[in-house]
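A structural walkthrough
For reference, the chains in residue letters:
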There are 2 protein chains.
Amino acid sequence: MRTVTLKQIAEELNISVTTVSKALKGYSDVSKETKKRVLDLAERLDYTPNSFAVSLRMRQSKIIGVIIPDTVHYFFSIVIKGILKVAEQHDYMVILMQSNEKFELEKKQIDLLLSKGVDGILISLSNNTKRFDHLQKVIKHDIPLLLFDKIAKTVNCSKVYIDDRKAAYDAVTYLINKGYRRIAHFRGDLNPQNSIDRFLGYKQALLDNNIPFDPKLVYMCNNNTDFDDGYNNAKQMFEDHGHTIDAVFTITDLISIGIIKYCDDNGIKVPDDLALFGFSNWFMSSVINPELSTVEQHPFKIGETSAEILFDEIKRKLNDEPIEYKKVVIPTELVIRKSSEKSENNPIKKVINL
Amino acid sequence: MRTVTLKQIAEELNISVTTVSKALKGYSDVSKETKKRVLDLAERLDYTPNSFAVSLRMRQSKIIGVIIPDTVHYFFSIVIKGILKVAEQHDYMVILMQSNEKFELEKKQIDLLLSKGVDGILISLSNNTKRFDHLQKVIKHDIPLLLFDKIAKTVNCSKVYIDDRKAAYDAVTYLINKGYRRIAHFRGDLNPQNSIDRFLGYKQALLDNNIPFDPKLVYMCNNNTDFDDGYNNAKQMFEDHGHTIDAVFTITDLISIGIIKYCDDNGIKVPDDLALFGFSNWFMSSVINPELSTVEQHPFKIGETSAEILFDEIKRKLNDEPIEYKKVVIPTELVIRKSSEKSENNPIKKVINL
C-alpha cells in the first residue's frame with residue numbers, strides 16, 4: 001500500500017508540516033483542535049512514522065534485548081512483566097530470548113542482539129555460563145548492559161540482584177528460633193552464584209547458632225532444581241536419616257513443593273513431622289496445602305529497577321553524559337506460612353546428638 | 001569502537017570479499033579450511049554483520065511481534081517458549097508485548113510493531129477486544145498476521161486454537177458418566193470466545209444427557225478469572241445451594257484451585273463432597289492436594305504451530321507465492337486426577353429434583 005507522509009497530511013489540512021509533526025508528538029504549542037484534526041486524519045490514513053528514518057535520526061533502535069534462562073518460570077515471568085511495563089513507558093520495545101540454561105545459545109543470542117543494533121541488553125545468566133567474553137563484547141561495543149538476578153560479579157556493568165546469602169541466613173535463622181535444630185538443605189547446582197550464596201547463608205546461620213554443620217544433610221538438586229529434585233531427594237533423605245530431620249530449607253519453592261508431595265504420598269505430616277521453608281514465593285506456595293513459608297524476592301521490582309537503570313544509561317550515552325555503574329540490592333522478606341509453624345501440642349522432638 | 005568490514009577480513013586473509021561473505025554464510029563452495037580461517041578472524045575482530053544493510057538487502061527485519069494478554073500466566077509462558085524455539089530455528093527474533101487485557105494498549109502495540117517494520121505478528125487477543133480495525137490494518141499493510149488461542153472468528157487470517165466447546169463438552173460428559181448430576185459452572189467474562197464456547201460445551205453436555213440446564217448454577221468470574229473468583233464464588237455457591245451441588249466445572253484451573261482452598265478452609269472434602277474439573281492443566285494442578293482433573297491444551301504445540309505457519313507465510317510473501325490462510329485446531333485431552341474421582345465407599349448423593 002502507498003505510504004502516507006506528513007506532507008500529505010499537512011496539505012490536506014492546509015497547515016505546515018512542522019505543525020503536523022508537532023501535533024503527532026503532542027507538543028503543547030499546538031492547539032487542541034489542530035491536534036485532534038491531525039490525529040483523526042493520521043488515523044484515517046493509517047499514517048505510521050517510518051521507524052528506520054526515526055532510528056537513524058535518533059541514533060536509536062528503540063529496542064532493548066532481554067535474555068533469560070527460561071520463560072516457563074514464575075519468577076522470570078514477573079520480572080518480564082516489570083521490564084515490559086517500564087519499556088512501555090519509555091516507548092521501547094523488548095526482544096525476548098531464552099538461553100535454556102545453555103551458554104553457547106546465550107553467546108549466540110548476544111551476537112544476534114548486537115547485530116540487530118539494540119540500544120541495550122538486560123540479561124540473567126544461564127547456570128552454565130562460566131566465561132563472560134560475550135558480555136565483555138557487549139561492553140566493548142559500548143552498548144549499555146545490565147545483569148539481573150543471575151549475575152557475574154566480575155563483569156563491569158550495572159547489576160540488580162538480591163542478597164541471597166542474607167535471605168537464606170534469615171530463613172534458616174527463623175527455623176532455628178522456632179526450635180528446629182536438625183535442618184537439611186536441598187541446594188542447587190555448584191555453579192550459579194545464587195545457589196552458592198543460599199548454601200553459604202544456610203551454613204552461616206547454623207554456625208552462628210552453635211549447630212554443627214553436617215554435610216550429610218545437604219542434598220544436591222541436579223534437574224535444574226525442579227519438582228522431581230524435591231520429591232526424590234526427600235525419599236533419599238528419609239532413607240539416609242529416618243525421621244531425625246526437623247526441617248528442610250530448599251533453594252526454591254518448587255523443591256519444597258516436591259517434598260510436600262512426597263510427604264503426602266507417604267503419610268508424613270508437614271510441618272508436624274517435617275517443617276519446610278522455600279525460596280521465591282511462587283504463587284503456588286500460597287495455595288498449596290500446607291501453605292509454604294518462603295522468601296519474597298520482589299521480581300516485579302527487579303524487572304522495573306533493571307529496566308529503569310538501563311534506560312537511564314541509554315539516555316546518558318545518547319547525551320554523551322558519564323555513566324556510573326549501579327549495583328542495586330533489592331531487599332527480600334520472609335513470608336511465614338503454615339509449613340514452618342509446628343502446632344503447640346506437638347513440640348519439636350529433641351535430637352539426641354545435640 | 002571501529003567497525004570491522006568484510007573487506008578488512010578479505011585483505012587480512014588475502015582472499016576475495018565474496019569468499020569471505022560466502023564463508024560467513026556457510027556456503028558449500030568454500031573450503032572447510034577457508035571457512036575456519038574466516039570465522040576465526042571474524043570472531044577475533046568481533047565482526048558483526050550490519051543488520052540494517054541485511055534487512056534492506058533481504059527486505060526483512062528478521063523480527064516478528066508477539067502480543068499476549070499477560071506474561072504472568074502459565075499457559076502463555078509455555079506458548080512463548082514454543083514460539084521462541086521455532087523463531088530460534090528460523091534465525092528470527094521476537095518482540096514480546098503484553099496488552100494487560102486492554103484494547104487500547106493492544107491497538108497501540110500493533111501500531112508500534114508496524115512502525116518497526118516487523119515481518120509478521122502473532123497475537124492472542126485481550127478479553128476487552130471487541131473491535132478489530134487494528135488487525136485489519138495489519139492485513140492492509142500486507143504483514144502476515146496469525147491469531148492464536150484468543151481469536152476473532154471474523155478476522156481473515158490464519159488461526160491456531162483449540163475446540164473449547166468440545167473440550168468443555170468432554171469434561172462435563174466425563175463428570176456425568178461418573179454419576180455426577182448437579183454440576184455447576186464457574187465461567188469467564190461474557191466477551192472472550194473461549195469463555196463463551198466453554199460455557200456452551202458445558203450446557204450442551206447437560207442437555208445431551210437429559211439434565212436440565214439451571215442458570216442458577218452458573219457463576220461469573222469477573223476478576224479476569226483468577227484464584228479469588230474461585231474462592232468467592234465457591235462461598236456464594238454454598239450459601240445459595242447448600243451442599244446440593246455434586247461437582248463444578250471451571251473455566252480455568254486457577255478457579256478450581258480457589259475452590260479447593262475454600263473447601264480446605266471450610267472442612268469440605270474434594271472430591272467426596274464436591275468434585276472439581278478445571279481447564280488448562282497448569283503445573284500447579286498436578287501438585288495441589290487433591291490433584292486436579294483438567295483439560296490439556298498443549299500450549300507448547302500452539303506456540304510452535306503458530307510460529308511455523310507465520311514463518312511459512314513470511315517466506316511465501318518474500319517469494320511472491322500465494323498464501324492460503326490456515327485454521328489449525330490443536331486437539332485437547334482430558335487429564336483425569338483425584339479431584340473428579342469420588343471414592344467407592346462414598347457414592348454420589350442422588351439429588352431429589354432428578
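All of these numbers come straight from a predicted model, not from anything done at the bench. (Residues numbered from 1 in each chain as written. Chains lettered and ligands numbered in written order. Predicted model: local features only at pLDDT ≥ 70, side-chain atom pairs only at ≥ 80, totals over all residues. Heavy atoms only, no water.)

Attention now moves to the interface of chain A and chain B. Every contact between the two is made by 52 residues of chain A and, on the other side, 52 residues of chain B. Here chain A packs against chain B, burying approximately 4,900 Å² in sum over the two surfaces, 60% of which is carbon and sulfur. Between chain A and chain B we count 8 salt bridges in total. Residues K108 of chain B and E88 of chain A are paired through a salt bridge, measuring 3.0 Å at the closest nitrogen-oxygen approach. Taken together, the connections running from chain A to chain B amount to 14 residue pairs in polar contact (both at pLDDT 80 or more). Mapped onto the side of chain A that touches chain B, the elements with two or more residues apiece are α4 (51–58), α5 (74–89), β2 (93–98), α6 (103–116), α7 (133–140), α11 (253–265) and α12 (284–287) of chain A. Classifying every residue of the side of chain A that touches chain B gives 24 nonpolar, 13 polar and 15 charged. (Contact = heavy atoms within 4.5 Å. Buried area = accessible area lost by both parts, 1.4 Å probe. Salt bridge = Lys/Arg side-chain N within 4 Å of Asp/Glu carboxyl O. Polar contact = N/O pair within 3.5 Å; in protein donor to acceptor, adjacent residues only side chain to side chain. Helix = DSSP H or I, 4+ residues; strand = E, 2+ residues; numbered from the N terminus. Nonpolar A, V, L, I, M, F, W, Y, C, P; charged D, E, K, R; others polar.)

The biggest cluster of nonpolar side chains holds 149 residues, and the ones touching the most others in it are I64 and F148 of chain A together with I64 and F148 of chain B. The residues touching F148 of chain A, leaving out its near neighbours within four places in the chain, are I67, I68, F76, V79, I83, L122, I123, S124, V160, I302 and S306 of chain A. Counting residues in each nonpolar core, the second largest holds 45 residues, with V138 and I143 of chain A together with L125 and V155 of chain B among its members. (Core = buried A, V, L, I, M, F, W, Y, C linked by side-chain atoms within 4.5 Å. Buried < 20%, exposed > 50% of the residue type's maximum accessible area, 1.4 Å probe, protein only.)

Residue and element names in this part refer to chain B. Within the open sheet, the 4 strands sit side by side as β7-β6-β8-β9. Their pairing is parallel. This sheet does not close on itself; its edge strands, each paired only once, are β7 (218–220) and β9 (275–277). Neighbour to neighbour, the strand axes of the sheet diverge by 20° on average, direction disregarded. The pairing of strand β8 (residues 247–250) with β9 spans 3 bridges and is parallel. The residue bridging V248 from the neighbouring strand is L276, located in β9. Against the sheet, helix α9 (residues 193–208) touches β6 (183–187), β7 and β8, its axis set at about 175° to β6. (Pairing = 2+ DSSP bridges. Axes fitted to C-alpha atoms, helices over the stretch in contact; angles between N-to-C directions.)

With that settled, the discussion passes to empty space enclosed by the protein. Following the criterion strictly, the structure yields 2 cavities of 30 Å³ or more and no others. Its volume calculated, the second largest cavity comes out at about 40 Å³. Around the second largest cavity, the lining residues are T71, S77, I80 and L96 of chain A together with T71, S77, I80 and L96 of chain B. Of all the secondary structure elements, the ones that give two or more residues to the lining of the second largest cavity are α5 of chain A together with α5 (74–89) of chain B. The residue inventory of the lining of the second largest cavity, partitioned by class, reads 4 nonpolar, 4 polar and no charged. (1 Å grid on protein atoms, 1.4 Å probe; cavity = no way out; pocket = protein on both sides within 12 Å on 5 of 7 lines; lining within 4 Å. Points joined across faces, edges and corners; volume = space filled by probe spheres on them.)

On to unusual backbone geometry, then. Residue and element names in this part refer to chain A. For the bond running from V270 to P271, omega is 5°, close enough to zero to count as cis. Assignment of secondary structure puts P271 in the loop between α11 and β9 (275–277). Here N289 and P290 are connected by a cis peptide whose omega angle stands at 0°. By the secondary structure assignment, P290 is in the loop between α12 and β10 (294–296). Positive phi, normally seen in glycine, also occurs at E101, with a value near 60°. Note on placement: E101 falls in the loop between β2 and α6. Note on E101: relative accessible area 11%, which makes it buried. A positive phi is found at S280, a non-glycine position, where the angle reads about 125°. Relative to the helices and strands, S280 resides in the loop between β9 and α12. Residue S280 is classed as buried on the basis of its relative accessible area, which comes to 8%.

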